[in-house]
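Listed below, chain by chain, are the residues.
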Amino acid sequence: MEELKKRILSGQIKMYFVKENRLAIYGKTYEVRNELKELGAEWNHQRKRLEMDEEEFKKLDTEIIDKVFEEREKQREANIENISQLLLSGELKAFLNKSDNYIIYGKVKSITKDLVNVGFNFSNNNYAIKREDFERLFSNEVKEVVNEYNKNNQSENTEKIIYEEELQEEEEVEC
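Starting from 1, residues in each chain are numbered consecutively following that chain's sequence as written. Where totals are concerned, whole chains, interfaces and linings use all residues; where local detail is concerned, this predicted model gives features only for residues with pLDDT of at least 70, and gives and counts side-chain atom pairs only at 80 or more. Based on all heavy atoms of the structure, the side-chain values leave hydrogens and waters out of the count.

A. Representation of the sheet that holds strand β5 (residues 92-96) within the structure. In this scheme, strands are said to pair when DSSP sees at least two bridges between them. The helix count covers DSSP runs of H or I at least four residues long, the strand count covers runs of E at least two residues long, and both are numbered beginning at the N terminus. With antiparallel pairing, 4 strands are arranged side by side in an open sheet as β5-β6-β8-β7. Edge strands, defined here as strands with exactly one partner in the open sheet, are β5 and β7 (121-123). When strand polarity is set aside, the average angle formed by the axes of neighbouring strands in this sheet is 40°. In the sheet, β7 pairs with strand β8 (residues 126-130) via 3 bridges, with the strands oriented antiparallel. Bridging from a neighbouring strand, F122 pairs with Y127 of β8. The contact definition used throughout considers only heavy atoms, calling two residues in contact when any of these lie within 4.5 Å. The convention used is that axes are lines fitted to C-alpha atoms, helices contributing only their stretch in contact, and that angles between N-to-C directions extend from 0 to 180 degrees. Along the sheet, helix α4 (residues 62-89) makes contact with β5 and β6 (101-106), crossing β5 at roughly 90°.

As structure tokens, this is what we get:
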């Protein structure tokens, strides 16, 4: 267990949550594969990676658990920063829908892991996050840009509806 612990703490082996209750294990695992197997790690043939259930993970040394969560938080902060920059630059757009969720639009394929790691859920072919979560995670600057965009977009839609109604009224008068 000492060699495995040393490798995880030094960053040679990394463990990431890939689902709510499942971790993937990457890095220099070959020499410690037996230790990992004894601790509950198993090979996922479909994904071609080592994985471990959260229940088995919770049984590991507290230093290892702390290191994994520390790395997870660092990655999450980096993901929030990346998404923030994309929203500020306009490469991504976030629209507030009727369900009070922000839906992300734009080139999201390259950042799907970032979105999931931050808390966006994939549903109905879109990534969405609850309004309160979005507002808790992102800076005031990002929220201002997103809110301004939503306000402008909403007024454009309202103007379009009013214009279409005026056209219908004009057509009715001409008939």
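Once you've had a look at it, read on.
B. Seen up close, the pattern of salt bridges. When a carboxyl oxygen of Asp or Glu lies within 4 Å of a side-chain nitrogen of Lys or Arg, that pair is called a salt bridge. Taken as a whole, this structure holds 18 salt bridges when the rule is applied. The residue D100 makes a salt bridge to R131 at a minimum N-O spacing of 3.1 Å. Of this pair, D100 sits in the loop between β5 and β6 while R131 sits in helix α6 (residues 131-137), placing them 31 residues apart in sequence. Classification of D100 by relative accessible area gives partly exposed; the value is 30%. A 1.4 Å probe rolled over the protein chains alone gives each residue an accessible area, and that area as a share of the maximum for its type sets the label: buried under 20%, exposed over 50%, partly exposed in between. Classification of R131 by relative accessible area gives partly exposed; the value is 30%. Three or more residues joined by partner-sharing salt bridges are found here, namely R22, E42, R49, E51 and D53.

C. Fine view of the packing of aromatic side chains. Classification of ring pairs uses Phe, Tyr and Trp, with its six-membered ring standing for Trp, and accepts pairs whose centres are within 6.5 Å; under 30 degrees between planes counts as stacked, over 60 as edge-to-face, and the remaining range as tilted. Using the criterion set out here, one finds 9 aromatic pairs in the structure. Ring centres 5.9 Å apart and planes at 65° place the aromatic pair F57 and F69 in the edge-to-face group. You can see F57 sitting in helix α3 (residues 54-57) and its partner F69 sitting in helix α4, a full 12 residues away along the chain. Exposure remark for F69: the relative accessible area of 35% places this residue in the partly exposed category. Aromatic pair F122 and Y127: ring centres 4.8 Å apart, planes at 55°, arrangement tilted. Feature note: the residues F17, F57 and F69 constitute an aromatic cluster, connected by ring pairs. The criterion is that NZ of a Lys, or CZ of an Arg, lies within 6 Å of the ring centre and within 35 degrees of the ring normal, and then a charge sits over that ring. One residue, R33, lies across the ring of Y30, its end atom 3.9 Å from the ring centre. Residue placement shows R72 over the ring face of F17; its charged tip is 4.4 Å from the ring centre.

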